[in-house]
Amino acid sequence: MSSSIDNDATPHADAAASEETVRITRDLIRIDTTNFGNGKAKGETEAAEYVEAYLNDLGLRSQLFNSEPRRTSLVTRVEGRDSSKPALVVHGHLDVVPADPRNWSVDPFEGIIRDGMLWGRGAVDMKDMDAMILTSLTSILANGQPERDLIVAFFADEENGGVLGSHHLVGNYPGLFEGATEAISEVGGYSIDVNGERAYLLQTGEKCLVWLTLRAHGTASHGSRVMHDNAITKLAHAVAAVGTKDWPVRLTDTTEQLLREIARILDVDFTQVTPNELLLATGTAAGFLQASLRTTTNPTMLEAGYKSNVIPDTAEARLDIRAMPGEESDVIRLIQELVGPDIEVEVNHRDVGLENPFSGALVDAVKQSLHTFDPGAPVLPYLMPAGTDNKALSKLGINGYGFAPLRLPADMDFPGMFHGVDERVPLDALVFGRQVLTDLLRTY
């Protein structure tokens, strides 16, 4: 693969490209760790070995764990100046979702640098965070130690619910995380624009995760028949009922805090403005944040039939459901009511929701580190509509936060690129992220 910078890159981009964080992000993008789900994946072994070699050069001994062949996670422990303090888990994941090159304007696994940005699958989610973790450790260890012990983990299989990664380690090797009470990871710490003012989102919670299969049965027959017992027709009605369901707005403590902070920035009365109106003031982030106000039930996959002139006897659909913390059982019950008794509802995977306080020493330290490099910028809590490996760590009593700091252009739809096409991140945002994360891990 070419290592040259595109000719249209700016001089500023050239300078930033020499940053170690950019180089490592690019290297990791070029290791294709596509996770197709349901146990099918290209595997994380090469990426884990890359990270292991990097950490070895820092004098850190890593442990590699294979839940299945080529499904590799890595954990190392960095001794702090004061090991009597609770340890902090700092984690990323090594896998990415699939990318169809036909839909991209660049090769999604080449790590192209263009227009002052690094393009590629994982540039937004999650190899940027992986690189920031590694280069932060380099800076810290070059000048001493972190304040407390850091348990640094790079998990496999996050994009499939962490079954072969974080959940495997938490269930089989809980001692790896002994002494830890808090964790930081992805999908938080990036900047948004609120009425012309830059603010940063700290992810303090996550919605529940439920992946379901809807299954309809009918009579197999010739495609020319009059058939009222058609499995695909039954399934279509069920999918439409679920996909068009308008779930009500429900504010958790986290979302209410977020909305009140936005109202404060806008100088409006929180009680006189709707939640949707307040979130629209966050510009490009609104589409992502609006999903934190309600349960979402999105059909994502369909499977039925094997020939145009054969009516199949079975049809299936997959649903991605994100419910409010603690409400997943109620939502599953309501889904069954929506689709009716003739549709089977099978739970393929479910995981807890999280809601952690927007207060305490770690939150204060996050604010202080951000303000060191972007003085005065508001820091806002939010409930992430999706999920992370913090779900698995919560089983050990570890409170997980999302903090992968990035200072972004006001008009950049950063969350819109999660699992999307043409993922890209500004080079100077990666440099900024490494600076902030280094400050946090050194001082907290």
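Here we summarise the structure given alongside this text. Starting from 1, residues in each chain are numbered consecutively following that chain's sequence as written. The predicted origin of the model limits local features to residues at a pLDDT of at least 70 and limits the giving and counting of side-chain atom pairs to 80 or more, whereas totals for whole chains, interfaces and linings rest on all residues. In computing side-chain values, all of the structure's heavy atoms are included and hydrogens and water are not.

**Observations concerning empty space enclosed by the protein**
Alright, step 1. Method remark: on a 1 Å grid restricted to protein atoms, a set of points is classed as a cavity if a 1.4 Å probe fits but cannot get out and as a pocket if it is open with protein on both sides within 12 Å along at least five of seven lines; lining residues have an atom within 4 Å of a point. Grid points are joined across faces, edges and corners, and a volume is the space filled by probe spheres set on the points. The tally for this structure, following the rule as stated, stands at 2 cavities of 30 Å³ or more.
Alright, step 2. One number sums up the size of the largest cavity: a volume of about 80 Å³.
Alright, step 3. Polar here means any residue other than Ala, Val, Leu, Ile, Met, Phe, Trp, Tyr, Cys and Pro, which are nonpolar, and Asp, Glu, Lys and Arg, which are charged; Gly is therefore polar. For the lining of the largest cavity, the class distribution of residues is 9 nonpolar, 1 polar and 3 charged.
Alright, step 4. Tyr190, Ser191, Ile192, Thr284, Ala285, Leu408, Pro409, Ala410, Met412, Phe414 and Pro415 together form the lining of the second largest cavity.
Alright, step 5. When the residues that make up the lining of the second largest cavity are grouped by side-chain class, the tally is 9 nonpolar, 2 polar and no charged.

**With respect to the sheet that holds strand 7 (residues 117-119)**
For sheets, the rule is that strands pair by backbone hydrogen bonds, running either parallel or antiparallel.
Alright, step 1. Read from one edge of the open sheet, 3 strands run 6-7-21, paired in antiparallel fashion. The open sheet is flanked by strand 6 (112-114) and strand 21 (424-426), the only strands paired with a single partner. With direction set aside, neighbouring strand axes in the sheet form an average angle of 25°.
Alright, step 2. The pairing criterion for strands is at least two bridges between them, as found by DSSP. Strands here are runs of E lasting at least two residues and helices are runs of H or I lasting at least four, both read from the DSSP assignment and numbered beginning at the N terminus. Here strand 7 pairs with strand 21 via 3 bridges, running antiparallel. Within the sheet, the bridge partner assigned to leucine 118 lies in strand 21 and is valine 425.
Alright, step 3. The contact criterion used is simple: two residues touch if any of their non-hydrogen atoms lie within 4.5 Å. As a rule, the C-alpha atoms of each element are fitted with a line to give its axis, helices using only the stretch in contact, and angles between N-to-C directions run from 0 to 180 degrees. Helix 2 (residues 20-29) contacts strand 6 and strand 7 of the sheet and is inclined by roughly 15° relative to strand 7.
Alright, step 4. The strands touched by helix 13 (residues 427-443) within the sheet are strand 6, strand 7 and strand 21, with strand 21 carrying the most contacts at an inclination of about 70°.

**Regarding the pattern of salt bridges**
Alright, step 1. By definition, a salt bridge exists where a carboxyl oxygen of Asp or Glu is found within 4 Å of a side-chain nitrogen of Lys or Arg. In this structure the tally under the stated criterion is 25 salt bridges.
Alright, step 2. Here arginine 70 ties to glutamate 46 by a salt bridge, and the two come within 2.8 Å at their closest N and O atoms. With arginine 70 in the loop between strand 3 (62-68) and strand 4 (71-78) and glutamate 46 in helix 3 (residues 45-57), the pair connects residues that are 24 residues apart, well separated along the chain.
Alright, step 3. Judged by its relative accessible area of 36%, arginine 70 is partly exposed.
Alright, step 4. Under the relative-accessibility criterion, glutamate 46 is labelled partly exposed at 37%.
Alright, step 5. Across the salt bridge formed by arginine 322 and aspartate 320, the nearest N and O atoms sit 2.6 Å from each other.
Alright, step 6. For arginine 322, a relative accessible area of 14% gives the class buried.
Alright, step 7. Each of Arg215, Glu316, Glu344 and Glu346 takes part in a single network of salt bridges with overlapping partners. The buried label goes to any residue with under 20% of its type's maximum accessible area, the exposed label to any with over 50%, and the partly exposed label to all in between, with areas taken from a 1.4 Å probe on protein chains only.

**What about helix 2?**
Alright, step 1. Of all the 10 residues making up helix 2, 7 are buried; the element is thus mostly covered by neighbouring parts of the structure.
Alright, step 2. Taken together, the buried positions of helix 2 are Thr21, Val22, Ile24, Thr25, Arg26, Leu28 and Ile29.

**Brief notes about the packing of aromatic side chains**
Alright, step 1. Each Phe, Tyr or Trp ring, with Trp reduced to its six-membered ring, pairs with another whose centre is within 6.5 Å; inter-plane angles below 30 degrees give stacked pairs, above 60 give edge-to-face pairs, and intermediate values give tilted ones. Under the defined criterion, the tally for this structure stands at 9 aromatic pairs.
Alright, step 2. When the ring of tyrosine 190 is compared with that of phenylalanine 414, the centres are 5.2 Å apart and the planes differ by 50°; the resulting orientation is tilted. With tyrosine 190 in the loop between strand 9 (180-185) and strand 10 (191-194) and phenylalanine 414 in the loop between strand 20 (399-402) and strand 21, this pair connects stretches of sequence that are 224 residues apart.
Alright, step 3. Residue tyrosine 190 is classed as buried on the basis of its relative accessible area, which comes to 1%.
Alright, step 4. Taking 5.2 Å as the distance between ring centres and 85° as the angle between the ring planes, the aromatic pair formed by phenylalanine 288 and phenylalanine 418 counts as edge-to-face. Separated by 130 residues along the polypeptide, phenylalanine 288 in helix 9 (residues 286-289) and phenylalanine 418 in the loop between strand 20 and strand 21 bring together distant segments of the chain. As far as the burial class goes, phenylalanine 288 and phenylalanine 418 line up, both buried.
Alright, step 5. Among the aromatic side chains, those forming a connected cluster through ring pairs are Tyr190, Phe288, Tyr382, Phe414 and Phe418.
Alright, step 6. Only when the NZ of Lys or the CZ of Arg is both within 6 Å of the ring centre and within 35 degrees of the ring normal is a charge said to sit over the ring. The ring of tryptophan 119 has arginine 114 lying over it, and the distance from NZ or CZ to the ring centre is 4.4 Å.
Alright, step 7. In this structure, arginine 148 is placed above the aromatic ring of tyrosine 444, and the distance from its NZ or CZ to the ring centre is 3.9 Å.

**Description of the layout of surface pockets**
Alright, step 1. Estimated volume of the largest pocket: approximately 1300 Å³.
Alright, step 2. Every residue lining the largest pocket is counted, 46 residues in all, and those nearest its centre are Glu159, Trp211, Asp320, Arg322 and His419.
Alright, step 3. Elements represented by at least two residues in the lining of the largest pocket include exactly strand 1 (35-37), helix 5 (166-172), strand 12 (208-217), helix 9, strand 14 (296-304), strand 16 (314-323), strand 17 (343-351) and helix 12 (390-393).

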